[in-house]
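# Breakdown of the fold
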There are 2 protein chains.
Amino acid sequence: MNLHEQSILAKKAAPQLRSLTYAQRRSILHDFADLLLRNTEAILKANETDIETGEKSGIRPSMIDRLRLNEARIEAAAEGIRQLASLPDPLGIVLDERTLTSGVHLKKITVPIGVIGIIYESRPNVTADCAALCIMSGNACVLKGGREAWHSSSAIAACMKQALQKNGISPDAVMLADPVSHEETAAFMNDRENIDLLIPRGSSRLIQAVVQHARVPVIETGAGICHTYVEASADPDMAERILINAKCSRPSVCNAMETMLLEEACAESFLPRIVRTMKENGVTMYGDEHTCRICSDVLPAQEDSFDTEYNDLILNIAVVKDVHEAIAHIEKHGTHHSDAILTEDAEHALLFLNSVDSACVYHNASTRFTDGFEFGLGAEIGISTQKLHARGPMGLQALTTYTYHLEGKGEIR
Amino acid sequence: MNLHEQSILAKKAAPQLRSLTYAQRRSILHDFADLLLRNTEAILKANETDIETGEKSGIRPSMIDRLRLNEARIEAAAEGIRQLASLPDPLGIVLDERTLTSGVHLKKITVPIGVIGIIYESRPNVTADCAALCIMSGNACVLKGGREAWHSSSAIAACMKQALQKNGISPDAVMLADPVSHEETAAFMNDRENIDLLIPRGSSRLIQAVVQHARVPVIETGAGICHTYVEASADPDMAERILINAKCSRPSVCNAMETMLLEEACAESFLPRIVRTMKENGVTMYGDEHTCRICSDVLPAQEDSFDTEYNDLILNIAVVKDVHEAIAHIEKHGTHHSDAILTEDAEHALLFLNSVDSACVYHNASTRFTDGFEFGLGAEIGISTQKLHARGPMGLQALTTYTYHLEGKGEIR
């Protein structure tokens with residue numbers, strides 16, 4: 001079956017999902033978790049096939065690592081699915097309710113979006129994760145993962161299909177695409193007839209490709225060039241603690257700091273201290289002229305340094321005149337993800353919070369908190385860096401839309 | 001200045017708008033309304049130029065009518081702007097607020113989107129309307145209207161720019177595009193760097209062209225093929241009242257009924273009555289075979305009848321077996337806009353409300369209520385038939401996004 005035919009079947013299965021109760025959706029997820037555990041052997045065998053094929057074709061070891069499943073990873077996936085099933089129902093939430101002047105009674109309530117297309121790379125656990133998120137929010141889905149992980153994903157999707165059938169639901173509600181050509185993928189991204197929303201998950205290259213080529217609406221989970229701006233009034237111990245946490249606690253993730261901005265007034269005093277600590281933590285630093293003048297062991301920034309998401313133990317440093325220059329720097333180089341100000345000046349903090357146009361803006365805290373679980377959403381589909389529909393960490397409700405139910409007694413306009 | 005340069009300037013002006021208070025935004029709108037009235041003569045003169053040019057180039061009389069301004073229309077525009085200024089502030093609304101387990105205090109609040117691009121046709125009042133909506137919601141805008149209305153729109157935009165300047169705001173916050181080439185328009189629709197959101201306003205051809213070609217996120221304000229399904233249990237007097245209202249009160253608008261579905265059980269009894277009344281109201285009817293067998297003065301439906309938005313005194317009629325067949329018909333032919341069931345059967349009503357995947361689903365009321373003012377939004381940017389970001393009638397809040405403000409005391413993760 002080709003991808004277009006799969007999308008048509010998913011679309012046909014969507015209305016059935018829409019009418020499922022909360023209990024039914026939870027039951028499917030618990031069955032899915034059970035089946036993953038029960039089929040661990042088969043999944044690991046399929047995974048072995050993917051890894052052997054990958055090694056033969058010479059893909060990078062880091063990619064092999066992303067591809068690899070083991071018992072612990074499958075158990076973790078099952079546990080994550082059970083946690084998802086314990087979250088409050090994202091559907092049927094009454095967002096607004098009132099009687100209009102006409103007498104018609106209006107209720108605005110959350111409903112599923114319909115069919116969600118997920119485009120991702122070679123992590124097979126994304127298959128389990130996305131299938132569960134979609135079913136919990138009442139959506140059908142078409143999963144288009146990397147061909148390197150196809151056997152693993154296929155074994156995982158088979159468990160979900162079995163769970164759906166066990167609960168009387170068409171297995172077409174979760175479709176896993178066979179490895180397809182670029183032309184078929186392009187057609188999939190333009191299939192507004194059958195796909196309501198596309199979510200790309202993976203590298204920024206993948207995400208940009210989807211954003212550039214899709215006619216189906218996309219939620220962009222983008223790059224994070226996160227800034228922390230330190231003022232002279234900030235407590236230096238607190239500043240050091242936050243900066244080290246923002247850069248070093250998990251440098252590979254999108255909410256890690258890439259650039260530190262320092263108020264000129266504290267550059268001479270604070271810069272040598274923080275550079276030393278960063279160095280002790282294994283961080284390579286690139287600085288602007290001012291920074292390099294003060295600290296000779298900071299490398300001169302390259303032309304694109306301040307526009308680079310390193311996802312690594314690398315940090316840019318720039319000295320700015322004041323909060324206004326900091327805001328302007330972030331406006332120029334930021335990606336509207338997460339940015340922080342460290343200061344004791346309440347007025348500057350407020351100005352920064354109101355002026356920086358990012359999903360999450362922090363005062364005296366680490367940007368590392370930008371996360372669906374930290375924000376209490378209980379799940380995370382991704383972190384949106386776009387402004388429409390969902391912004392910042394996205395929980396289950398990001399996979400819903402709303403509808404107006406209007407009850408009348410014969411009213412006309 | 002070309003359109004790309006104008007977009008860059010609008011983008012530069014956006015941060016200033018973002019920081020305006022509610023009082024400042026209201027003041028700009030009141031000044032704008034004053035200036036429209038004070039410059040009525042100049043606007044009408046510009047409008048005369050457009051009309052003369054249009055007549056010379058032989059555009060249709062209906063288009064000339066849409067183009068034409070007069071004192072009353074300008075007064076109505078000014079009054080609409082004052083009403084907009086009296087609405088509650090759509091910005092700074094706290095959507096969520098709580099202290100996370102980390103101790104960081106989270107506030108989720110509404111903020112402007114940034115720069116909104118509006119693509120529209122030859123109604124110059126859309127220029128006034130959209131400029132006011134964008135400023136009231138703190139957004140900069142680039143207005144790309146039809147070249148036929150350029151002189152009129154230009155005179156109106158000049159008033160807005162003057163109002164901005166009077167309030168100390170850069171006039172670049174509202175940009176009116178000069179008539180441009182198709183290439184420039186295409187580049188504009190792909191300018192993700194400077195334009196955050198595109199809203200097409202006008203014919204479904206225009207909207208589809210934007211949806212097909214834009215890389216900038218679009219809010220689709222789409223076609224309305226609205227259905228009303230009548231069951232045998234419905235009170236026939238109520239049904240007749242609602243059906244006539246839905247079809248005849250304003251057939252040119254998107255919330256008017258295009259198709260009536262009748263439950264088989266009441267076809268023999270109700271069809272002759274409603275067909276007679278529709279005929280008295282000047283409605284031309286196309287029916288399926290069953291309908292035509294019962295009422296010989298209903299024309300046989302064409303192949304595409306049930307997929308056509310007439311926006312006219314024309315109605316499709318089909319007889320369906322039951323509520324399930326009605327839901328399936330709407331799923332196949334509807335546009336996810338507004339659909340209604342008329343019935344006294346509460347179970348069927350609930351099934352219909354929960355199954356029909358439209359922005360607005362009615363029970364015993366006319367689909368004509370789908371409207372921003374009727375819904376109490378106080379304004380209407382359009383009626384969205386897409387599922388992301390905004391669905392159904394869009395008020396000022398559809399022109400906002402949200403941001404998370406996070407206040408800490410040195411928290412790290």
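Reading the values: rules and limits
Residues numbered from 1 in each chain as written. Chains lettered and ligands numbered in written order. Predicted model: local features only at pLDDT ≥ 70, side-chain atom pairs only at ≥ 80, totals over all residues. Helix = DSSP H or I, 4+ residues; strand = E, 2+ residues; numbered from the N terminus. Rg over C-alpha atoms; globule rule 2.2 N^0.38 Å. Buried ≥ 20, exposed ≤ 12 C-beta atoms within 10 Å, placed from the backbone. Contact = placed C-beta atoms within 7 Å. Least-squares fit on C-alpha atoms with pLDDT ≥ 70 in both. Domains from an automatic or database assignment. Nonpolar A, V, L, I, M, F, W, Y, C, P; charged D, E, K, R; others polar. Pairing = 2+ DSSP bridges. Axes fitted to C-alpha atoms, helices over the stretch in contact; angles between N-to-C directions. Right-handed = clockwise from strand over helix to strand, strands pointing away. pLDDT = per-residue confidence, 0-100. Core = buried A, V, L, I, M, F, W, Y, C linked by C-beta atoms within 7 Å.

Below, the discussion takes up the overall build of chain A. Helix and strand counts for chain A stand at 14 helices and 16 strands. Here chain A has a C-alpha radius of gyration of 24 Å; the compact-globule value for 413 residues is 22 Å, and the two agree. Taken along the three principal axes of its C-alpha coordinates, chain A extends 70 × 70 × 35 Å. For chain A, the residues scored as buried account for 53% of the 413 residues in total. Within chain A, contacts between residues at least 6 apart in sequence are counted, and of these 71% link residues at least 24 apart.

Let us now look at the environment of His30 of chain A. Residue and element names in this part refer to chain A. Mapped onto the secondary structure, His30 falls in helix H2 (residues 22-38). His30 gets classed as partly exposed once you count the C-beta atoms within 10 Å, which come to 16. Once the C-alpha coordinates of His30 and Ala78 are considered, the two residues, 48 residues apart in sequence, prove to be 8.5 Å apart. Not counting residues within four places of it along the chain, the set of residues in contact with His30 comprises Arg82 and Ala85.

It is worth spelling out the relation of the copies chain B and chain A at this point. Once turned by 180° and shifted 0.0 Å along the axis, chain B lies on chain A with an RMSD of 0.0 Å. The operation mapping one copy onto its partner corresponds to a two-fold rotation axis. The rotation axis passes nearest to the C-alpha of His389 of chain B in chain B, at a distance of 1.8 Å. When you check the interface residues of chain B against chain A, 98% turn up at the interface there too, and the contact is symmetric in its surfaces.

Parsing chain A into structural domains produces domain 1 (3-221 + 391-407) and domain 2 (226-369). Taking only C-alpha atoms, the centre of domain 1 of chain A and the centre of domain 2 of chain A are 36 Å apart.

What follows deals with the interface of chain B and chain A. Facing 56 residues of chain B, the contacting portion of chain A comprises 55 residues. Looking at the side of chain B that touches chain A element by element, the count peaks at eleven residues for strand E16 (residues 400-411) of chain B. Here the side of chain B that touches chain A is built from residues that sort into 22 nonpolar, 21 polar and 13 charged. Examined bridge by bridge, strand E13 (residues 360-365) of chain A and E16 of chain B share five bridges and lie parallel to one another. The residue of E16 of chain B that forms the bridge with Ala365 of chain A is Glu411 of chain B.

What follows concerns the sheet that holds strand E10 (residues 299-300) of chain B. As summarised here, the arrangement of the ten strands in space is E1(A)-E2(A)-E16(A)-E13(B)-E12(B)-E7(B)-E8(B)-E11(B)-E9(B)-E10(B), forming an open sheet in which the pairing is mixed. Strands at the two margins of the open sheet, each flanked by one partner only, are strand E1 (94-99) of chain A together with E10 of chain B. Along the sheet, helix H11 (residues 264-280) of chain B makes contact with strand E7 (226-230), strand E8 (257-263), strand E9 (284-287) and strand E11 (314-320) of chain B, crossing E8 of chain B at roughly 145°.

Attention now goes to the sheet that holds strand E4 (residues 140-144) of chain A. All names here are of chain A. The parallel open sheet is built from four strands, whose spatial order is E5-E4-E3-E6. The open sheet has two edge strands, strand E5 (174-176) and strand E6 (197-201), and neither has a second partner. Shown here is a sheet whose adjacent strand axes are inclined to one another by a mean of 15°, direction ignored. Lying over the sheet, helix H7 (residues 150-166) contacts E4 and E5, oriented at roughly 160° with respect to E5. Across the sheet, helix H9 (residues 204-213) lies against strand E3 (115-120) and E6, angled at about 160° from E6, the strand it touches most.

On to the pairing of E4 of chain A, then. The two faces of the sheet receive side chains in turn, since in a regular strand these alternate between them. Residues and elements named next belong to chain A. When you tally the buried positions in E4, you get five out of five residues, the bulk of the element. Of the two faces of E4, both are covered, the one formed by Ala140, Val142 and Lys144 as well as the one formed by Cys141 and Leu143. Between E3 and its parallel partner E4, the chain crosses via helix H6 (residues 125-136), and the hand of that crossover is right-handed. Relative to E5, E4 runs parallel, the two sharing three bridges. What sits directly across from Val142, in E5, is Met175. Between the parallel elements E4 and E5, the chain passes through H7 in a crossover that is right-handed.

Across chain A, the average pLDDT comes to 95, with 100% of residues at 70 or higher. Both confidence scores are given for the complex: pTM 0.92, ipTM 0.93.

Let us look at the nonpolar core. Phe32, Ala131 and Cys141 of chain A together with Phe32, Ala131 and Cys141 of chain B are the most contacted members of the largest nonpolar core, which has 255 residues in total. What Cys141 of chain A contacts, discounting residues up to four positions off in sequence, is Ala10, Val115, Ile116, Ile118, Cys130, Ala131, Cys134, Val174 and Met175 of chain A.

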